[in-house]
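Structural overview
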Amino acid sequence: VTFVAFAYASQEKMRASAAAPVIMSAARVFAIALMLWLPVSASIETYVGLYVMTSSLVAVGLFWRCRKQLNPPPARGTLGLSDMQEGIKLSSIWVSTLALGSLDKAAALRFGTGEIAGHYTAAQRFAALMAAPVDALMMAVQPRLFQAGKAPARHPRLTAILIGCAIAYGVIAGTLLWLAAPWLPRIIGEDFSAAVPVLQVLSFYLPAYCLRTLAGNKLLASGLVLWRFGLEMLALLALLGMMLVGIRMAGAMGAAWALVASESLLALTMWGVMGFKGRTRSEN
């Protein structure tokens, strides 16, 4: 699905590019709905099976539609050592980004209890769902960010517009998440009533995440790949350290505040690097 989104974006089909990951996210929600509606046992094995089935169907459907619409011609190419080196460097971004978005749940279980991890994970997943449109937007505008990185005069207002969109969406989505948090037990059960204040804390995570995601894509488009990798890995270490302390002090609430703090710190440092590098280039 990521490949499909990049393929659409390379052809300036921004709406289709943004829609692909959102459709995949909707398939995951549909898997939960199926488990609730179908007369099957509500076990983790059942959910995984439905998750794989719906995700696979969506992936195949999106890939088929993408090939039909874009109709790419046959291409031949060679893979050299320089290509491999560039690929490894860019792959580091996926490693750090995925680690930053995944290890917090494992840390909540490692440093806390199953109940703490369950409440934190449930709240974080709903917050991540609210952030999905921003991920889709950043994937769609990535080609233009690369163009702006090489020729800033071509898209002089792009960064300012994207910052405005990120702040506006982050604030609106965070407010809605705070207001809708009391409905969480009605969706996933009364056992998760203690996750309501955790979800409200994570409403502050959304603006920071939006700005961090934009800054990370700006660093990538500007060729500052190692800077992004290094900052994300440092933020991951900071997150783990703060979760270790926060969970011991306040349980799932401490884990949520640790995530908010690490995302805010990462956003600030990324934009700081962008500003410093921008001034350096202008002086040269």
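The structure presented is a predicted model; accordingly, all values stated were derived computationally and were not measured.

Section: the overall build of the chain
Helix and strand counts for the chain stand at 11 helices and zero strands. Reading the chain from its N end, one meets helices and strands in the order α-α-α-α-α-α-α-α-α-α-α. Scaling as 2.2 N^0.38, a compact globule of 284 residues should have a C-alpha radius of gyration of about 19 Å, and the chain matches this with 20 Å. Looking at the chain as a whole, 39% of its 284 residues are labelled buried. Of all intrachain contacts in the chain linking residues separated by at least 6 positions in sequence, the fraction that spans at least 24 positions is 73%. Working note: accessible area of the chain is about 15900 Å², and carbon and sulfur atoms make up 68% of it. Of note, the chain has its 23 positive side-chain charges centred 11 Å away from the centre of its 12 negative side-chain charges.

Quick notes on the pattern of salt bridges
All chains considered together, the criterion is met by three salt bridges. Salt-bridge contacts for Arg-212 lead to Glu-263; the nearest nitrogen and oxygen are separated by 2.9 Å. Taken together, the positions of Arg-212 in helix α9 (residues 205-221) and Glu-263 in helix α11 (residues 252-283) put the pair 51 residues apart, joining distant regions of the chain. One exposure class covers both Arg-212 and Glu-263, and it is buried. In this structure, Glu-232 and Arg-228 form a salt bridge, with 3.1 Å as the shortest nitrogen-oxygen distance. Of the two residues, Glu-232 and Arg-228 are both situated in helix α10 (residues 225-250); the distance of four residues between them amounts to about one turn of the helix. One exposure class covers both Glu-232 and Arg-228, and it is buried.

Some remarks on the side chain of His-119
Checked against the element boundaries, His-119 lands in helix α5 (residues 114-150). Beyond its immediate chain neighbours, meaning those up to four positions away, His-119 contacts Asp-191, Phe-192, Ala-194, Ala-195, Val-198 and Ala-252.

Structural notes on the packing of α9 against α10
For any two helices packed against each other, the geometry comes down to the angle between their axes and how far apart the axes lie. Following both chains from N to C, one finds α9 and α10 inclined at 145°, their axes separated by 7 Å at the closest point. Along this stretch, α9 crosses α10, giving a crossing that reads as left-handed. Between α9, through Arg-212, Gly-216, Asn-217, Leu-219 and Leu-220, and α10, the contact on the second element is made entirely by Val-225, Arg-228, Leu-231 and Glu-232. Looking at side-chain class alone, the contact of α9 with α10 contains four nonpolar, two polar and three charged residues.

Quick notes on the packing of aromatic side chains
Applying the stated criterion across every chain, the model contains five aromatic pairs. Their ring planes at 75° and their centres at 6.1 Å tell us that Trp-178 and Phe-204 sit as a pair that is edge-to-face. Residue Trp-178 is found in helix α6 (residues 158-180), and its partner Phe-204 is found in the loop between α8 (196-201) and α9; the two are separated by 26 residues along the sequence. What makes Trp-178 partly exposed here is its relative accessible area of 38%. Note on Phe-204 and Trp-257: the rings are 6.0 Å apart at their centroids and 20° apart in plane angle, and the pair reads as stacked. Linking Phe-204 in the loop between α8 and α9 with Trp-257 in helix α11, this pair joins segments that are 53 residues apart in sequence. Note on Phe-204: relative accessible area 46%, which makes it partly exposed. The exposure class of Trp-257 is partly exposed, given its relative accessible area of 44%. A connected cluster of aromatic rings, assembled from ring pairs, spans Trp-178, Phe-204 and Trp-257.

Conventions used here
- For every chain, the first residue of the written sequence is number 1, and numbering continues from 1 along that sequence.
- Restriction of local features to residues with pLDDT of at least 70 applies here, the model being predicted, together with a cutoff of 80 or more for giving and counting side-chain atom pairs; totals for whole chains, interfaces and linings are based on all residues.
- Only hydrogens and water are set aside when side-chain values are computed; all heavy atoms of the structure are taken into account.
- Only DSSP runs of H or I covering at least 4 residues are called helices, and only runs of E covering at least 2 are called strands; the numbering of each starts at the N terminus.
- Note that the radius of gyration is over C-alpha atoms, with the globule rule given as 2.2 Å times the number of residues to the power 0.38.
- Accessible area is worked out with a 1.4 Å probe on protein chains only. A residue is then buried under 20% of its type maximum, exposed over 50%, and partly exposed in between.
- The contact criterion used is simple: two residues touch if any of their non-hydrogen atoms lie within 4.5 Å.
- To be clear on the numbers: accessible area is Shrake-Rupley with a 1.4 Å probe, and residue cover counts the displayed protein chains and nothing else.
- The sign given to each residue is positive for Lys and Arg and negative for Asp and Glu; His and the chain ends receive no count.
- Each charge is placed at NZ for Lys, CZ for Arg, CG for Asp and CD for Glu.
- Should a side-chain nitrogen of Lys or Arg be within 4 Å of a carboxyl oxygen of Asp or Glu, the pair is scored as a salt bridge.
- Every angle, taken between N-to-C directions, lies between 0 and 180 degrees, and every axis is a line fitted to C-alpha atoms, over only the stretch in contact when it is a helix.
- Throughout, a crossing is termed right-handed when the near helix is turned clockwise from the far one, and left-handed when it is turned anticlockwise from it by less than a right angle.
- When residues are sorted by character, Ala, Val, Leu, Ile, Met, Phe, Trp, Tyr, Cys and Pro go into the nonpolar class, Asp, Glu, Lys and Arg into the charged class, and all the rest, Gly among them, into the polar class.
- Aromatic rings from Phe, Tyr and Trp, with only the six-membered ring used for Trp, were paired whenever their centres fell within 6.5 Å, and each pair was classed as stacked if the ring planes differed by under 30 degrees, edge-to-face if by over 60, and tilted otherwise.

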